[in-house]
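Spelled out, the chains give:
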Amino acid sequence: RSPTASEDPAVQQPQQKKVHAQVADHYNARPDVGVEKRKESTIFRMKSFNNWLKSVLIGRYARPRDRVLDVGVGKGGDLLKWSKAKIQYFIGCDIASKSIEQARERYRTMRNAPFEAHFHAMDCYSEPISNVVAPDIVFDMVSMQFCLHYSFETETKARMMLHNVTSQLKPGGVFIGTIPDAYWIVKKLKSESDDKLQIGNSIYSIRFERRDRFDKFGSKYWFHLEDAIDDCPEYLVHFPTFQKLAEEYGLELIYNKKFHQVYEEASQELDFNQLLYRMNVVSENGSLSADEWEAANVYLAFAFRKKN
Ligand code: SAM
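Parameters at a glance
Every chain begins its residue count from 1, and numbering advances along the sequence as written. Reporting of local features is limited, given that this is a predicted model, to residues whose pLDDT is at least 70; pairs of side-chain atoms are given and counted only at 80 or more, and all residues count toward the totals for whole chains, interfaces and linings. Based on all heavy atoms of the structure, the side-chain values leave hydrogens and waters out of the count. A pair of strands is treated as paired once DSSP finds two or more bridges between them. Where helices and strands are cited, they refer to DSSP runs of H or I of at least four residues and of E of at least two residues respectively, numbered from the N terminus. Under this scheme, a helix contributes an axis fitted over its contacting stretch, all axes are lines through C-alpha atoms, and angles between N-to-C directions fall in the 0 to 180 degree range. Consider each residue's heavy atoms; a residue with any of them within 4 Å of a molecule or strand counts as near. Polar contacts, as counted here, are pairs of nitrogen or oxygen atoms within 3.5 Å of one another; within protein the pair requires one atom able to donate a hydrogen and one able to accept it, and residues that are adjacent in sequence qualify only if both atoms are side-chain atoms. Each accessible area value is a Shrake-Rupley result obtained with a 1.4 Å probe; residue values ignore everything except the protein chains displayed when judging cover. Polarity classes work like this: nonpolar for Ala, Val, Leu, Ile, Met, Phe, Trp, Tyr, Cys and Pro, charged for Asp, Glu, Lys and Arg, and polar for all others, with Gly in that last group. Aromatic contacts are taken between Phe, Tyr and Trp rings whose centres are within 6.5 Å, Trp giving its six-membered ring; a plane angle under 30 degrees counts as stacked, one over 60 as edge-to-face, and the others as tilted. Only protein chains enter the calculation, and the probe is 1.4 Å; a residue is then buried if its accessible area is under 20% of its type maximum, exposed if over 50%, and partly exposed in between. For cavity detection a 1 Å grid was placed over the protein atoms alone, and a set of points counts as a cavity when a 1.4 Å probe fits there but cannot get out; an open set counts as a pocket when protein lies on both sides within 12 Å along at least five of seven lines, with lining residues being those that have an atom within 4 Å of a point. Grid points are joined across faces, edges and corners, and a volume is the space filled by probe spheres set on the points. Nonpolar cores were defined as sets of buried Ala, Val, Leu, Ile, Met, Phe, Trp, Tyr and Cys residues, with membership established by side-chain atoms within 4.5 Å. By definition, residues are in contact when any of their heavy atoms lie within 4.5 Å. Oblique is the label for every angle not falling under 35 degrees (roughly parallel), over 145 degrees (roughly antiparallel), or within 65 to 115 degrees (roughly perpendicular). Each crossing is labelled by how the near helix is turned from the far one, with a counterclockwise turn of less than a right angle marking it left-handed and a clockwise turn marking it right-handed.

Peer 1: Go over the sheet that holds strand β2 (residues 89–94) with me, naming the residues and quoting the values.
Peer 2: Pairing is mixed in the open sheet, where 7 strands are placed in the order β3-β2-β1-β4-β5-β11-β10. Of all the strands in the sheet, the pair left with one neighbour each is β3 (116–121) and β10 (251–258). Mean inter-strand twist for the sheet, computed between neighbouring axes without regard to direction, equals 15°. Where strand β1 (residues 67–71) and strand β4 (residues 139–145) come together, 3 bridges link them in parallel fashion. For aspartate 70, the partnering residue across the bridge sits in β4 and is serine 143.

Peer 1: Tell me what's going on with the site of the ligand, and back it up with residues and numbers.
Peer 2: Around the ligand, the surrounding shell holds 17 residues, and the nearest of these are Lys54, Gly72, Asp94, Asp123 and Gln145. Note that an oxygen atom of the ligand is positioned 2.7 Å from one of the side-chain N or O atoms of lysine 54. Contacts to the ligand include aspartate 94, whose side-chain N or O atom sits 2.6 Å from an oxygen atom. Considered on its own, the ligand offers 600 Å² of accessible surface; in the complex 89% of this is hidden by protein. Residue classes in the shell around the ligand are distributed as 11 nonpolar, 3 polar and 3 charged.

Peer 1: I'd love a proper account of the packing of aromatic side chains, names of residues and values included.
Peer 2: A full pass over the atoms with the stated rule returns 25 aromatic pairs. With 6.1 Å between their ring centres and 80° between their planes, phenylalanine 146 and phenylalanine 259 make a pair best called edge-to-face. Of this pair, phenylalanine 146 sits in the loop between β4 and α7 (155–166) while phenylalanine 259 sits in helix α10 (residues 259–266), and the two are 113 residues apart along the sequence. Phenylalanine 146 gets classed as buried once you look at its relative accessible area, which sits at 18%. The buried category is assigned to phenylalanine 259, whose relative accessible area is 0%.

Peer 1: Before we move on, can you summarise unusual backbone geometry with the specific residues and values?
Peer 2: For residues besides glycine, phi is generally negative; the peptide bonds are generally trans as well. Its identity as a non-glycine residue notwithstanding, lysine 86 has a phi of 60°, on the positive side. Counting through the fold element by element, lysine 86 comes out in the loop between α5 (79–84) and β2. Lysine 86 gets classed as exposed once you look at its relative accessible area, which sits at 58%. Its identity is not glycine, yet phenylalanine 146 carries a phi of approximately 55°, on the positive side.

Peer 1: Summarise the layout of surface pockets; cite the residues concerned and give the values.
Peer 2: Taken as a whole, the second largest pocket spans an internal volume of roughly 180 Å³. Along the walls of the second largest pocket sit 15 residues, with Ala182, Tyr183, Val237, His238 and Phe239 positioned nearest its centre. Looking at the lining of the second largest pocket element by element, the count peaks at 3 residues for helix α8 (residues 182–190). Its residues assigned to classes, the lining of the second largest pocket shows 10 nonpolar, 2 polar and 3 charged.

Peer 1: Explain the nonpolar core to me, using residue names and the numbers behind them.
Peer 2: Grouped together as the largest cluster of nonpolar side chains are 99 residues, with contacts concentrated most on Trp52, Trp82, Phe90, Leu148, Phe175 and Phe242. With 8 residues, the single largest contributor to this core is helix α4 (residues 44–61). Here tryptophan 82 is in contact with Ile58, Ala62, Val68, Asp70, Ile87, Phe90, Phe115, Met141, Ser143 and Ile176, once residues within four sequence places are set aside.

Peer 1: I'd love a proper account of the packing of α4 against α10, names of residues and values included.
Peer 2: Taken N-terminus to C-terminus, the directions of α4 and α10 make an angle of 65°; their axes are 11 Å apart at the nearest point. In terms of orientation, α4 lies roughly perpendicular with respect to α10. The two elements α4 and α10 cross, and the hand of that crossing is left-handed. Contacts between α4 and α10 involve Phe49, Asn50, Trp52, Leu53, Val56 and Arg60 from the first element and Phe259, Val262, Tyr263 and Ala266 from the second. Of the residues belonging to the contact of α4 with α10, the class tally is 8 nonpolar, 1 polar and 1 charged.

Peer 1: Can you tell me about the environment of leucine 169, naming the residues and giving the values?
Peer 2: Looking at the element boundaries, leucine 169 is found in strand β5 (residues 169–180). On a C-alpha basis, the gap between leucine 169 and glutamate 116 in space is 18 Å, while along the polypeptide they are 53 residues apart. Ignoring sequence-local partners within four residues, the contact set of leucine 169 consists of Phe139, Asp140, Met141, Val142, Val174, Phe175, Leu251 and Lys306.

Peer 1: Break down the pairing of strand β8 (residues 220–225) for me, with residues and values.
Peer 2: As paired strands, strand β7 (residues 204–208) and β8 are joined by 5 bridges and run antiparallel to one another. Counterpart to arginine 207 in the pairing with β8 is tryptophan 222. The antiparallel hairpin formed by β8 and strand β9 (residues 229–235) contains 3 residues in its connecting segment, where aspartate 227 sits at a positive phi of about 60°.

Peer 1: Before we move on, could you go through the environment of valine 132 and cite the residues and values that matter?
Peer 2: Among the structural elements, valine 132 can be located in the loop between β3 and β4. Take valine 132: its relative accessible area is 29%, and that puts it in the partly exposed class. In this structure valine 132 touches Cys93, His120 and Met122, once residues within four positions along its chain are discounted.

Below, the structure is given as structure tokens:
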């Protein structure tokens, strides 16, 4: 008897695919579009704002000649920011091998290769970084931008992520990142009528499978961000759990702000204010739409320092 569609392993396989493989496929499938094409995006201003915000974080914490580890480096979209921060050495890792190839290519075409850089395709939440990074390399900074939340699928993965962040970070070194703000997301969901499983607007949607229980790990939701993320599985990061776990790995929280707060503070500073214009967050033609502004505030930025 030939198998029916639901029994056919070839048919079942995509549904059974592990979440990390779905995430890697998702990012591998997204094309690396050039600057001009990027301007046509419906969320061009929001993407610019997110880039500005990462520049603020890097500007605040990176020091000239730093050695940097970027976990979840993606297509290397922050390479220019690191170059402006005058760092000396860079390692970028990501589970999406195509993104890693694109990051390598982006680095290769950077003018004057301002710092030494290496890129590795690896699952940073399931294997130790020492598989690809020589153990004698010590980092001054670790950065995880818009990617740490994927590790909150399980405590084991979150611990491996923290092991990788801290094992080669020098005492006094800084760990920066950006993640969706689980507290804000759940509060917003609970402000909706009892039967609603989704929040969002014309730019983004966050859809849960249940709303009666949110665990510390494995609290899955489906995230859609117009022109960026097509319904990808993600996990809530319960911040007090993250902070407590990070403390076990010798990290002390030194910064934790919603994106709107970061904007309110940093835009008062002349350099960062001018950067808003240079990075096209604001121009004479306008700025973020109200929906983009709400979507931007789904996120928070954090920094930890490794204790001596
Ligand atoms: N940090 C980059 C940026 O800010 O442009 C990319 C952010 S993108 C939204 C999230 C990245 O996390 C993707 O490149 C994805 O492949 C990566 N990622 C997800 N799970 C990962 C894992 N287990 N190990 C390494 N990278 C992972």
